[in-house]
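Read off the chains here:
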Amino acid sequence: MNTSKIVLITGATSGIGRACAMKFASQPGYDVIITGRKPELLADLEAELKKCGKGRVTTLCFDVRERGVAFEAIASLPADWAEIDVLINNAGLALGLEPEYDGSYLDWDTMIDTNIKGLLTMTRLVVPGMVERNRGHVINIGSVAGDAAYAGGNVYCATKAAVKTLTDGLRIDVAHTAVRVTNIKPGLVETNFSNTRFHGDNARADKVYQGIEPLTGDDIADVALYAAQAPAHVQIAEVLVLATHQASGSVIHRNS
Ligand code: NDP
Ligand code: 8X3
């Protein structure tokens, strides 16, 4: 009988999600479902995890904004993959840094549809099974951006504030079960995040991480693993992880 825990990670094709996939797969006792919307990157990561990981690996290709496709993807899991123990709601993005009165409607919709509605869809699809089995763990990737707005952060910050509220709400709603719910709130993590935010302006993205040693995806994956491996009676509810020399979303001391 397979006693490994099944971990499903959204947005596993890059950054924090990829690091979580590598981290959990490198530990004994975890089978990993990597999900994303880029089939080639999923296939590359699957091959890598199969080479150096300890447990089983499988992939699901879907966009978290497409509710019907997400439903079909989860419903397609064979019985020996269907009982998800750990859901890492990581897929998300920031788009733009314009003042709120000058932002792009399209960017707003994409952030809200991904960071809030996508996370909710995955929660709605996976958590009923956890409640029924009376076991499971939801790890949402929030952000320091959800604690307070910063200049130009407006809608992105609001989506991450929503992640905090939805995480807290879920924790209340499953409190009668052994399901645990965690919000990890990273500060500056050097990933593809800023390249996406600035619509491919990589020089501008690089500046975000200048003069400070940023966090890495692996640093955040360490926290996710810690939360998942905590004893069953310990619920890591919320963790704010900042780079040293970062004090908040808007206070960053740079050495140049
Ligand atoms: P990356 O851009 O490196 O990774 C984001 C991942 O999310 C990619 O795999 C991306 O896939 C996926 N994704 C985006 N939209 C969708 C979608 N609609 N459906 C499925 N997958 C999607 O950035 P990070 O790793 O930094 O970001 C991961 C999470 O961490 C996000 O929620 C972000 O808000 C949060 N975060 C990041 C911080 C940072 O400083 N980097 C700090 C705090 C929080 P694709 O390539 O297909 O777009
Ligand atoms: C990502 C961190 O401060 O760039 O959520 O918004 S920040």
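Residues numbered from 1 in each chain as written. Chains lettered and ligands numbered in written order. Predicted model: local features only at pLDDT ≥ 70, side-chain atom pairs only at ≥ 80, totals over all residues. Heavy atoms only, no water.

1. Description of the overall build of the protein
Each helix and strand counted, the protein has nine helices and seven strands in total. Relative to its length of 256 residues, the protein is compact, with a C-alpha radius of gyration of 18 Å against a globular reference of 18 Å. Along the first, second and third principal axes, the C-alpha set of the protein runs to 55 × 40 × 35 Å. Residues counted as buried form 49% of the 256 residues belonging to the protein. (Helix = DSSP H or I, 4+ residues; strand = E, 2+ residues; numbered from the N terminus. Rg over C-alpha atoms; globule rule 2.2 N^0.38 Å. Buried < 20%, exposed > 50% of the residue type's maximum accessible area, 1.4 Å probe, protein only.)

2. Thoughts on unusual backbone geometry
Working note: non-glycine residues mostly have negative phi, and peptide bonds are mostly trans. Phi angles above zero are rare outside glycine, and H199 is one such case at about 50 degrees. If you trace the backbone, H199 turns up in the loop between α7 (193-197) and α8 (202-208). Taking the relative accessible area as the measure of exposure, H199 reaches 52% and is therefore exposed. For H245, which is not glycine, the phi dihedral falls at a positive 85 degrees. For H245, the position within the fold is in the segment after β7 (238-241).

3. A word on the packing of aromatic side chains
Summed over all chains, the structure comprises three aromatic pairs. Here F24 and Y30 contribute two aromatic rings whose centre-to-centre distance is 5.0 Å and whose plane-to-plane angle is 85 degrees, an arrangement assigned as edge-to-face. For the pair shown, F24 and Y30 are each scored as buried. (Phe/Tyr/Trp six-rings, centres within 6.5 Å; stacked < 30°, edge-to-face > 60°.)

4. Quick notes on the site of ligand 2
Close contacts around ligand 2 come from S143, V144, A145, Y150, Y156, G187 and F193, and that covers them all. Between ligand 2 and the protein, one listed contact pairs an oxygen atom with a side-chain N or O atom of Y150 at 2.5 Å. Y156 places a side-chain nitrogen or oxygen 2.5 Å from an oxygen atom of ligand 2. In isolation ligand 2 has 240 Å² of accessible area, and contact with the protein removes 88% of it. Taken together, the residues that form the shell around ligand 2 break down as five nonpolar, two polar and no charged. (Near = heavy atom within 4 Å. Polar contact = N/O pair within 3.5 Å; in protein donor to acceptor, adjacent residues only side chain to side chain. Areas by Shrake-Rupley, 256 points an atom, 1.4 Å probe, with all protein chains shown as cover. Nonpolar A, V, L, I, M, F, W, Y, C, P; charged D, E, K, R; others polar.)

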